[in-house]
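Fold and geometry: a report
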Amino acid sequence: MMKQVDLTERQIEYWWRRRRAQDKPTTLVKFCETSWRCIYYTYSFIFGSIVMWDKPWLWDIKNCWHGYPHQSVTNDIWWYYMISMAFYWSLTASQFYDVKRKDFWQMFAHHMITILLMALSWVCNLHRVGSLVLLVHDCADIFLESAKLTKYAQYQKVCDTIFAIFTVVWIVTRLMLYPRIIYSSSVEAPQILPMFPAYYIFNTLLILLLVLHIGWTYLILQIVIKAIKAGQMEGDVRSSSSEEISDSSENSRAVQSNGGTPKKQQQQAPNKNGTTTTGASPKKKQ
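Residues numbered from 1 in each chain as written. Predicted model: local features only at pLDDT ≥ 70, side-chain atom pairs only at ≥ 80, totals over all residues. Heavy atoms only, no water.

In the annotation of an unreviewed UniProt entry, the entry for the protein chain reads TLC domain-containing protein, and the organism field reads Anopheles atroparvus.

Here it is, written out as structure tokens:
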């Protein structure tokens with residue numbers, strides 16, 4: 001490339017860095033993506049709470065197993081399941097063209113396990129325990145998406161407060177209430193009804209989901225520790241690492257070149273004389 005365009009290695013490196021930053025999703029794109037997820041999780045948790053409030057298995061998990069498999073499906077549970085299933089299918093499909101996160105494959109595995117769990121619980125008439133799992137998972141996600149929205153909107157103090165609430169809710173729901181469901185399916189269920197092959201697959205998927213939660217909890221605690229040291233939450237627990245590095249490096253260069261004030265610049269290609277011209281790629285010297 002140096003021979004073709006007659007530029008220094010430093011000039012070419014700078015141009016490619018700027019070109020790569022141009023393809024990076026804007027804050028507005030990330031804000032919109034996060035907004036619709038936040039709206040869905042809020043709706044889903046409220047709807048799920050209303051649906052589950054009068055269900056006996058919400059207050060006593062053992063009712064998930066009493067009378068099995070002769071457990072009818074009410075209309076509200078049917079809608080709760082179908083809407084949730086449609087949402088996770090849409091997440092799985094949109095993940096490939098939405099903002100790419102550093103935990104892309106973990107989230108893909110999470111969506112696949114969730115869909116398999118919902119499908120298996122529906123086919124095997126285990127909708128009671130399945131609805132409990134859905135309700136437990138929707139709660140913490142509301143605060144996560146809200147924290148990211150305030151981060152994108154540059155309300156740092158509000159973001160820190162919401163993220164602190166999210167951390168507490170996450171630990172309570174994902175590492176305390178959810179393991180209680182697994183305990184019921186692993187210990188209490190075999191004492192109440194005879195086991196069958198599909199049950200073991202279902203219970204294994206529940207445990208795999210818990211393993212993913214433990215991994216995410218480690219990432220969340222890392223963010224919390226960094227926030228305590230820095231005095232504010234830095235980055236996004238699910239942001240792309242290269243994206244964050246690019247953000248900080250671009251802002252640093254902008255501050256230096258503009259006397260301390262960041263300024264948005266157009267994508268430009270360097271030429272031999274050290275000046276820049278707008279374009280898609282460096283052109284060979286005529």
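What to know about unusual backbone geometry
Condition: Numbering of helices and strands runs from the N terminus; a helix is a DSSP stretch of H or I covering at least four residues, while a strand is a stretch of E covering at least two.
Backbone torsion omega between Tyr68 and Pro69 reads 5°, so that peptide bond is classified as cis. Along the polypeptide, Pro69 turns up in the loop between helix H4 (56-59) and helix H5 (75-94). The backbone of Asn125 shows a phi angle near 60°, a positive value even though the residue is not glycine. Within the secondary structure, Asn125 sits in the loop between helix H6 (104-123) and helix H7 (127-152). The backbone of Gln154 sits at a positive phi, close to 65°, despite the residue not being glycine. Examined against the element boundaries, Gln154 turns out to sit in the loop between H7 and helix H8 (156-192).

Thoughts on H6
This is how it is decided: Expected helix span is computed as 1.5 Å times (number of residues minus one). Two residues form a contact once any of their heavy atoms are found within 4.5 Å.
Between its terminal C-alpha atoms H6 stretches 29 Å, which fits the 28 Å expected from 20 residues at 1.5 Å a residue. Buried positions along H6 lie against H5, H7 and helix H9 (197-230). Positive backbone phi, approximately 60°, marks Asn125, located one or two places after H6.

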